Every structure is written in C-alpha cells, then in structure tokens.
Amino acid sequence: MNAQQVEDLTSFMEAVVRRNPGEPEFHQAVHEVAMDIIPYLADKPLYRDMMVLERMTEPDRIISFRVVWQDDHGGVQVNRGYRVQQNNAIGPYKGGLRFHPTVTQSVLKFLAFEQVFKNSLTGLPLGGGKGGSDFDPKGKSDLEVMRFCQAFMTELSKHVGPDTDVPAGDTGVGAREVGYLFGQYKRLVNRFEGVLTGKALEFGGSRIRAEATGYGVVYMMQDMLAHHHESIDGRTCVVSGSGNVATYCAEKLIQLGGKVVTLSDSSGYIHDPEGLTLEKLQWVMELKNKRRGRIEEYAREYGVEYHAGEHPWGVPCDLAFPCATQNEIDGAEARTLIENGCRAVAEGANMPTTPDAIKVLRASPGLLHAPSKAANAGGVAVSGLEMSQNSLRMQWSREEVDKHLREIIASIHAQCVEFGTASDGHVDYFKGANIAGFNKVASAMLAYGVM
Ligand SMILES: NC(=O)C1=CN([C@@H]2O[C@H](COP(=O)(O)OP(=O)(O)OC[C@H]3O[C@@H](n4cnc5c(N)ncnc54)[C@H](OP(=O)(O)O)[C@@H]3O)[C@@H](O)[C@H]2O)C=CC1
Ligand SMILES: O=C(O)CCC(=O)C(=O)O
C-alpha cells in the first residue's frame, strides 16, 4: 500500500468505527477486507465515487427481537434474537443462525458481512445475512430447545421466506434445531417451502449438506496443495473444534490419507498421536450429536492426553484446520505453528485468526493460508444447491451434490489464484478471495444505481 492508500484505509476505518461503536468483531472483519479492496479501487474512481465499499459495510437492515420461552420448571426465560440482512444485491439473504451465549450484534454483523463475500465466491445467486441469539442450547433439554426455537421462529417468520431470506445452521444450530425451526415456520405460514437449509432429508434437505462445510475446507486445502504439486496424503493434521465443521473436516482428511491428531471443544483439546480413525470419529459424532458430551471423554475412552483449557496449536503439524470459532489463533500461536513446520492453514471457522496471526502467517514465506470466506464456503454452497432442489421439488444423489461441491470449491480456488497471485507466483488467498467476492456484488450494486 502506498501512503495515500494507507491514509484512505485509516479514514475509511475511522468512519466505520464511528458509525458502529463498540463492535470490535465487525471492525475486524471490515478492516480485513478493506486492506485489500482500498488499494484495488485506486484506479477505479467510479466504485469510489459511488461509495460501493461504504454501502457494503452498512447492513440493509437489522432485525432485533425479544424471545420469551418457558423452561422445564415453568420459569419464564428471556433472550434476544437477531437477523442481520446485510446485502441482497445478487440474491436472497442467505446465512446461518448461531445460538451461543457470546452472540452479540457485533458478532452477527461480522458474520453477515463475511457471508456476502463468501456467497458471491460460490458463483450462486445468494446474498448475505446472519442471525441468531444469545440462547445457550448447552445443558437444555430437547423440550426447552424446542420451545425456544418455536418462540424464535414466531418472530423471525415475519422477515424470512424462500425468495427473501433463507437461514440455516451455524454454531449451536444443527439438525435438531433446524427441524424445530422449520416445523414452526410451516405451521405459521401454512406453506411447505424452502425457507431454511440444512433440513433433514425427509423434509426437503440436501444430501451432503451436513458434510459440506468440513469437506469443502479439505477440498480447498487439496487445491492449494495441488497448485504446488503436493497432497494431503501422509500429512499430520491439527483440527480444532468437534462440531459439525470439525468432524466432517476430519472425516474427509482421514479418507484422503491425512493423520488427524487433535480435536477440541471450548474446554480443551485431545491429542491422539496415532491419529483418529473413522471408527473413533463415529464415536465422537455420537458423543457430540447424541449424548452432547465433552471431548475430554475421548481421552478416557482411547487412553490419550487431554489438555484442559488449551488450544491445539502447539501440537506439531503439517496442516492446520481451525474449525471452532472466531479469533482462536492469535499471533503467538501462529508463530508456534510456523516454528513447528506448518505448511498450510485452511480456515473452517469464520475469522478464526486474529489480525496479528494473519500478519504472522502472511509474513511466513510460502505458507499457504485460505481465509474462511473461501475455505468454508462449501456449506453455504450446498445450501444454495438445497434451495435449487427445493425449487425443482427434487433431491439429487450424494454423488451429484458432491460433484457440484467439488467444482464450486475448485472455482473459488481459481478465483483466489486469479486475483491473488503476486509477481513472484505466491498466491495471497486473502487478497484473491476479497477482490473476487467484492467484484460481483459491487457490479450488481452499480447496476442498480444509487440505493
Ligand atoms: N455449520 C456450518 O455449515 C458452517 C459453520 N461455519 C463456522 O464454523 C465454526 C464451527 O461451526 P459448527 O461446527 O457448525 O458449530 P458446532 O456448534 O457444531 O461446533 C462448534 C465447535 O466449536 C467449539 N467452540 C465453540 N466456541 C468455542 C470457543 N469459544 N472456544 C473453543 N471452542 C469453541 C464448540 O465447543 P463447545 O461444544 O464446548 O461449545 C464445538 O466443538 C463457526 O465459526 C461457524 O461459524 C462456517 C461455515 C458453515
Ligand atoms: O448454509 C448456510 O446458509 C449458512 C452457512 C454459514 O452460516 C456460513 O457460511 O457461515
């Protein structure tokens, strides 16, 4: 960046912070994009005069509402629900719902903003949005989760629809929650329509949607390595998380010959130096999705080490897959990864690396690093395919959906290479993803005029 661009970035970010006080996650996500887009717009006065980037940082609307439900003891509980409808320039708002006590407007705005670029990269007609609540499903009975989901959807149903806004799952919102949410929507509007994705197969879901985010992260890693004539086979992999994204990321890695040595949850991580097998992974999925237990139990079951309160980034690895949550790798942890010889990082979670960590990883010569908006786009891509199948009133085979997913990730990789390759041949996947994602949305916004 030259001096003028640094000045432009500084004044742009000052305005973002002024307009969105107290929203650090949102500032972080916007800054990460603006660092690449502001220099890119240096010779594009029309985009600057039309304030396209400024408009993209302002959500179309934010809906915030009270969610009141009754717990199993008859007590009345109050939570806050949100839907951030960020941008529908290229299609209906699309993005997940997160139920977690750390949910704030700032967190959902960062996720919605990122989603706009990610959805654009898929090549599908999908705008960007995100929603959720500070409700914590952990420790709640099935009936409590059901009552919460019904109360949440009672309000949300007024703002979503198959051509308006199509939510899906995210942290804390899996098959069980999507079932309750869809059932309530159907009851309220008296129509059977594809208002949510991630549905069960029996009522309009797509094959491979559950697997898609994790599989897509691994396909992205495969493509980055193949670009350098390397593969996953025989590489040691460190994965964080043990939810939807982490477990299917681990499954695909094992299928491709990777040795997955860690999984984690918010309490700590397990280290299995022999590597997980598909059987052990099945046990983890049962633990997490049915018994809703803690990853610590894996250590007791298989006689391996458990590290309470720690992240797995100190375990030596070739490939790293942060698949738990935002800002889970900081600068020091990024340095440790590099010192231990890490070759590549593919982000399964949204924005899992802090700005410091990105700086450290970017400065490491040759290290490959796929940002979340490119690496985890497989989930929303298959959600887009679920919408297509719902419109067609059809369900495609596993092979067909997986083939589309593979092609979409390959196209995202190609876009990153097109817009992110430096003169020395190194691919800056962050820059490539930001510019490619921006272009499509920005030209649609220009076509619509001033609005
Ligand atoms: N599901 C999807 O299709 C997509 C998800 N993502 C992103 O992937 C990430 C994981 O989502 P998903 O797997 O669906 O969610 P899940 O709820 O299925 O799993 C989340 C996992 O991350 C752990 N975790 C959550 N918060 C923290 C924390 N603060 N510190 C350490 N670990 C934590 C959870 O542990 P615990 O059980 O202890 O909370 C759990 O193991 C999120 O960033 C999400 O936005 C991105 C694209 C699509
Ligand atoms: O499938 C979807 O619509 C949501 C996916 C999602 O929330 C994400 O990509 O972060």
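Within each chain, residue numbers correspond to sequence positions counted from 1 in written order. The order in which chains are written sets their letters, starting at A; the order in which ligands are written sets their numbers, starting at 1. The predicted nature of this model means local features are confined to residues of pLDDT at least 70 and side-chain atom pairs, given and counted, to a pLDDT of 80 or more, with totals for whole chains, interfaces and linings taken over all residues. Neither water nor hydrogens contribute to the side-chain values; these are computed over all heavy atoms in the structure.

- As recorded by an unreviewed UniProt entry, the chain carries the name Glutamate dehydrogenase and is attributed to Parahaliea mediterranea.
- UniProt positions are given in the numbering used here, feature names are shortened, and annotations may be inferred rather than shown by experiment. Note on the chain: under the UniProt heading Function (unreviewed entry), the record states "Catalyzes the reversible oxidative deamination of glutamate to alpha-ketoglutarate and ammonia."
- The UniProt entry for the chain carries the following text under Subunit (unreviewed entry): "Homohexamer."

Examining the state of the cysteines
- Count a disulfide wherever a pair of cysteine sulfur atoms falls within 2.5 Å. In this structure the tally under the stated criterion is zero disulfides.
- Left without a disulfide partner, C323 is nearest to the cysteine sulfur of C249, which lies 4.2 Å away.
- C416 takes part in no disulfide bond, and the closest cysteine sulfur to it belongs to C323, at a distance of 17 Å.

Here we look at the UniProt feature "site: Important for catalysis" (unreviewed entry) in the chain
- Look at the UniProt record and you will see "site: Important for catalysis" (unreviewed entry) annotated at D170.
- Helical segments are the DSSP runs of H or I of at least four residues, strand segments are the runs of E of at least two, and each set is numbered from the N terminus. Along the polypeptide, D170 turns up in the loop between strand 5 (165-168) and helix 7 (175-189).
- By definition, residues are in contact when any of their heavy atoms lie within 4.5 Å. Residue contacts for D170: discarding those within four places in its chain leaves G96, L97, R98, K130 and N350.

Focus: a nonpolar patch on the surface
- Residues V68, V76 and V78 make up a contiguous nonpolar surface patch of roughly 270 Å² in combined accessible area.
- Relative to the helices and strands, V68 is located in strand 1 (residues 61-70).
- Categorising residues by exposure relies on relative accessible area from a 1.4 Å probe, with only protein chains included: less than 20% of the type maximum marks a residue as buried, more than 50% marks it as exposed, and the intermediate range marks it as partly exposed. For V68, a relative accessible area of 39% puts it in the partly exposed group. Patch rule: a residue counts if its relative accessible area is over 30% and it has no salt bridge; like charges are joined within 9 Å, and nonpolar side chains (Val, Leu, Ile, Met, Phe, Trp, Tyr) within 5 Å. The Shrake-Rupley method, run with a 1.4 Å probe, gives the accessible areas here. Residue values count only the displayed protein chains as cover. For salt bridges, the criterion is a side-chain nitrogen of Lys or Arg within 4 Å of an Asp or Glu carboxyl oxygen.

With respect to the packing of aromatic side chains
- Classification of ring pairs rests on two measures: the distance between centres of Phe, Tyr or Trp rings, Trp counted by its six-membered ring, which must be within 6.5 Å, and the angle between planes, read as stacked under 30 degrees, edge-to-face over 60 and tilted in between. Inspection of every chain in the model, using the stated rule, returns 18 aromatic pairs.
- For the pair F65 and F152, a centre-to-centre distance of 5.3 Å together with 50 degrees between the ring planes defines the contact as tilted. In this pair, F65 is assigned in strand 1 and F152 in helix 6 (residues 142-156), connecting sequence segments 87 residues apart. Each member of the pair, F65 as well as F152, is classed as buried.
- Measuring from centroid to centroid gives 6.4 Å for Y215 and Y219, while their planes differ by 65 degrees, and the two rings are edge-to-face.

Here's the deal with the domain arrangement of the chain
- All the domain ranges listed were derived from an automatic or database domain assignment. Splitting the chain by domain gives domain 1 (3-56), domain 2 (61-192) and domain 3 (210-375).
- One C-alpha centre belongs to domain 2, the other to domain 3, and the line joining them spans 27 Å.
- Buried area: the accessible area, evaluated with a 1.4 Å probe, that two parts lose upon being put together, summed over both parts. When domain 2 packs against domain 3, close to 960 Å² is buried across both sides, 47% of that on carbon and sulfur atoms.
- It is F110, E114 and K118 in domain 2 that bury the most area against domain 3; as a group they hold 47% of the surface buried on that side.
- In this structure, the connection of domain 2 to domain 3 is made through one salt bridge.
- Close ionic contact of K373 with E114 constitutes a salt bridge, the shortest N to O distance being 3.5 Å.
- Think of a polar contact as two N or O atoms within 3.5 Å of one another; within protein, one of them needs to be a possible hydrogen donor and the other a possible acceptor, and neighboring residues in sequence only count if both atoms come from side chains. Viewed at the interface, domain 3 and domain 2 are joined by three residue pairs in polar contact (both at pLDDT 80 or more).
- Considering each element in turn, the side of domain 2 that touches domain 3 owes the most residues, seven residues, to helix 5 (residues 105-121).
- Here the term charged refers only to Asp, Glu, Lys and Arg, the term nonpolar to Ala, Val, Leu, Ile, Met, Phe, Trp, Tyr, Cys and Pro, and the term polar to all other amino acids, Gly among them. Within the side of domain 2 that touches domain 3, the residues separate by chemical class into five nonpolar, no polar and seven charged.

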